[in-house]
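Residues per chain, in single letters:
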Amino acid sequence: MEDARVAGGIPAVQVHGLRKRLGAFELRGVDLSLPTGFVTGLVGPNGSGKTTLIRSLLGLVRPDAGDIRLLGSARATPDRVGVVLDQVTAAPEWRTGRVGEHVRPLFPQWDEVRFRSMLERFDVPVHTRVGELSRGQSVKLAMAMALAHDPLLLVLDEPSSGLDPVARRELTDVIREFMLDSSHTALFSTHITTDLDSLADHLVVMSHGAIAYQGTLEQAREQFAVVYGEGRLSSDAAAVVRGLRRSATGSFQGLIDVADSALFGSGIELRPATTDDLVIGFAGGRTAHTTPAEGRGAA
Amino acid sequence: MAVVVSSASAVPMYEQIRVQLSDAIIGGDIAEGEMLPSLRQLAAQLRVSIITVTRAYNELVAMGLATNEHGRGFVVCPVGSDRAAAVMADRVTTAISEVVSAGRAARMDMATVLGKVEAEWKTRE
């Protein structure tokens, strides 16, 4: 069916060897592939490179090196990519209902009827000026703008920050609706990882300017666990814990691959890792004995 | 039929979906030759990821309860009475294994556990 066709298709986003230095920060050779027809969640601490990666994808920053292909092409037309950034890309003095008149020259496929119906559905007042909208209304306006030109790829950078649970639910429901078409793809960067839990098919974890994990969310859930224990850790065991933390009482916790759980003996507890646990674990890296291949992401 | 999933359950979402659909197929609530809901429709409706539903459907295929007809979607297979009986027997075996584990963890003896099974059985008669 639809998805079998998609599985063999071209990835919606292909990135190879992407490097970008911005002051003290550096994207250090990012390779990324986003499968068409699925939602990919992009997570990582502040400064891990999520926004620089997204801005590189959108052509808003020029990479120092590397190859980026969106929708199979080195220069995707903006028309086929819908973008929701943390700030709406409309002038503050425009009236929301007339945004279309200003931006449609950029988007040959702009569908004013669709735009208006999205505003109505989201309850965004059409006579208000863009600069007077609440945070939630701005995101909804950005979403309406992104979808008004019928994109194939939707890129969202921190759309849910500052939104209440009702507005976040509305936002994720719109993404689900967008994904009913198997030729559509979404990339969703967020700190509110619970928004990804039952939405994202794939997960990309960034840490220190590199990709620390890339795979399906289900696979991540099955592969990683949080380990808790008391007392000393053998050096073999300590070496496989990511983001190892010790408490004042001598207990430890951190993220491990469940395949390594035998190294810990019997006095430990394991619980399934949440997406936040993955972010924290990969950001902390391993304490010692990192192999060269893993050392870069875990340093 | 209505599928209901809970993210608070210890049972993974794909498994919750799979069990409800396989029960519906074996119980005849979804007839042979009928289409299962589209992957994407069901994912949006249940507010789960597309991969979660894909995994549930793939397991139904592995159980021989559905086939993936390219270009159409997932279609319910004929469920012979042998096949249905085998699937049901598997479920009983799995449930018994859980009862035995729980009983041993609670340090009950076998007779006590069997007694509880018998008592539960009789409440349904």
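Residues numbered from 1 in each chain as written. Chains lettered and ligands numbered in written order. Predicted model: local features only at pLDDT ≥ 70, side-chain atom pairs only at ≥ 80, totals over all residues. Heavy atoms only, no water.

Participant: Sorry, what's going on with the confidence of the model for chain B here?
Facilitator: With 99% of its residues at a pLDDT of 70 or more, chain B has an overall mean of 89. Reported confidence for the predicted complex is 0.80 by ipTM and 0.83 by pTM. (pLDDT = per-residue confidence, 0-100.)

Participant: Which parts of the structure should I look at to understand helix H4 (residues 112-121) of chain A?
Facilitator: Within an α-helix, residues lying three or four positions from one another point in the same direction, as the helix has 3.6 residues per turn. Residue and element names in this part refer to chain A. Where H4 is concerned, the buried positions are Phe-115, Met-118 and Leu-119. Along H4, the residues classed as buried sweep out an arc of 100° about the axis, all on the same side. More than 90 degrees from the buried face of H4, the exposed residues found are Val-113 and Glu-120. On the buried face of H4, the contacting elements are helix H3 (99-103), helix H5 (135-148) and helix H6 (165-178). Between a side-chain oxygen at the N-terminus of H4 and the backbone nitrogen of Val-113 the separation is 3.1 Å; the capping residue is Asp-111. Asp-123, located one to two residues past H4, shows a positive phi value of around 65°. (Buried < 20%, exposed > 50% of the residue type's maximum accessible area, 1.4 Å probe, protein only. Helix = DSSP H or I, 4+ residues; strand = E, 2+ residues; numbered from the N terminus. Arc of directions from axis to C-beta. Contact = heavy atoms within 4.5 Å. Polar contact = N/O pair within 3.5 Å; in protein donor to acceptor, adjacent residues only side chain to side chain.)

Participant: How should I be thinking about the packing of aromatic side chains in this particular structure?
Facilitator: For any pair of aromatic rings, geometry is given as the distance between the ring centres together with the angle between the planes. Scanning the entire structure with this criterion turns up six aromatic pairs over all chains. Geometrically, the ring pair formed by Phe-107 of chain A and Trp-110 of chain A is stacked, given 6.2 Å between the ring centres and 25° between the ring planes. For Phe-107 of chain A, a relative accessible area of 16% gives the class buried. Judged by relative accessible area, which is 7%, Trp-110 of chain A ranks as buried. Here Phe-224 of chain A and Phe-282 of chain A contribute two aromatic rings whose centre-to-centre distance is 5.5 Å and whose plane-to-plane angle is 80°, an arrangement assigned as edge-to-face. Residue Phe-224 of chain A is found in strand E10 (residues 224-230), and its partner Phe-282 of chain A is found in helix H9 (residues 275-284); the two are separated by 58 residues along the sequence. Using a relative accessible area of 3% as the deciding quantity, one classes Phe-224 of chain A as buried. Through a chain of ring-to-ring contacts, three or more aromatic side chains come together here, namely Phe-107, Trp-110 and Phe-115 of chain A. Arg-55 of chain B extends its terminal NZ or CZ atom over the ring of Tyr-14 of chain B, reaching a point 3.8 Å from the ring centre. (Phe/Tyr/Trp six-rings, centres within 6.5 Å; stacked < 30°, edge-to-face > 60°. Lys NZ or Arg CZ within 6 Å of the ring centre and 35° of its normal.)

Participant: Explanation requested: the interface of chain A and chain B in the structure shown.
Facilitator: By a widespread convention, an interface's size corresponds to the accessible area lost as its parts come together. The interface of chain A with chain B comprises 21 residues on the first partner and 22 residues on the second. Summing both partners gives a buried area of about 1,700 Å² for chain A against chain B, and 53% of it is carried by carbon and sulfur. Counting every contact that joins chain A to chain B gives three salt bridges. Of the charged contacts in the structure, one is a salt bridge between Arg-47 of chain B and Asp-173 of chain A, with a shortest N-O distance of 2.4 Å. Here chain A is connected to chain B by 12 residue pairs in polar contact (both at pLDDT 80 or more). (Buried area = accessible area lost by both parts, 1.4 Å probe. Salt bridge = Lys/Arg side-chain N within 4 Å of Asp/Glu carboxyl O.)

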